[in-house]
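# Per-entry structural report
What follows is the residue order along each chain.
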Amino acid sequence: MQPRTGGSRGPLNANLLLLILLGVSTVLLITLQIRKAVHAPPGSAEDLQSGGQPLYFEAGDYVIGFAVRQVSLATADQVMLVEFVDAKGVAPEIVPRVGGTAPAAQARSGQIYELLEEVRYPNLWPGISMACNCGPGGEIRHTYTLDPGADPGRIRLRYSAPVTLGPDGRLTLHLPAGPLIEMKPAAWQHSGEERVSILAAYVVEQTRDGQEVRLSLGSYDPRYPLTIWHILARPQEGGASER
């Protein structure tokens, strides 16, 4: 009798194919949920507080979804998730337009709003709030506001895409459809009328749950509020890291 060769390869290949199909199906389902969320039944802030449907906005070529403890960023062919590690389960708030009506009063989960004005997570970590808005070039700007004495080391992010830190201090998020860049962060405080710049940098750490990104700061005065700012953009959009 001739010995059989590669007899176990068939089941192995079948299992591998099944895993690939499941992964592709998951991405397609998430993308479909985000792109078609406008047809979902309306919800309320209570839905978000209990982990329900996020709020969706158009930001350039993206649809960005704000949910409890995470943000999703979707295009027609890919989705990226950003998780707030060990954050409080607070619902995002739409910040009212200056001199206009308050869209927060009309906000409903499951709808895609035409323009990302500003969304805020109050007290996302102890003494730390985060706001997000869209720049004129479609870049997405994040601002962390820290109360006096708040610990910036509590800010930790986990991306669903592999992350590398470049020598220029920028993060590259490696996505199948092309990379995205987290520009080098900027930080500052106000002492009276003077704005004092603080050195800021990303730190990428490997944990048992995957890569995590935190912020490292130079010397600053914990008696005063602290602001940290960075933007997410495509490589060609570039842009300054300070305003």
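Read on for an overview of the structure. What you see is a predicted model; the values in this text were computed from it and never measured.

## Section: the packing of aromatic side chains
Applying the stated criterion across every chain yields a total of five aromatic pairs. Note on Phe66 and Tyr121: the rings are 6.4 Å apart at their centroids and 50° apart in plane angle, and the pair reads as tilted. Here Phe66 is found in strand 2 (residues 62-67), whereas its partner Tyr121 is found in strand 7 (residues 119-125), with 55 residues between them in sequence. Overall, Phe66 belongs to the buried group, its relative accessible area being 0%. Taking 6.0 Å as the distance between ring centres and 75° as the angle between the ring planes, the aromatic pair formed by Phe84 and Trp125 counts as edge-to-face. Of this pair, Phe84 sits in strand 4 (residues 79-84) while Trp125 sits in strand 7, and the two are 41 residues apart along the sequence. A relative accessible area of 3% places Phe84 in the buried class.

## A look at the state of the cysteines
On inspection of all chains with the given rule, the structure shows zero disulfides. Cysteine Cys132 remains unbridged, with the sulfur of Cys134 as its closest cysteine sulfur at 8.3 Å. We classify Cys134 as buried; its relative accessible area is 16%.

What counts as what
- Residues numbered from 1 in each chain as written.
- Predicted model: local features only at pLDDT ≥ 70, side-chain atom pairs only at ≥ 80, totals over all residues.
- Heavy atoms only, no water.
- Phe/Tyr/Trp six-rings, centres within 6.5 Å; stacked < 30°, edge-to-face > 60°.
- Helix = DSSP H or I, 4+ residues; strand = E, 2+ residues; numbered from the N terminus.
- Buried < 20%, exposed > 50% of the residue type's maximum accessible area, 1.4 Å probe, protein only.
- Disulfide = S-S within 2.5 Å.

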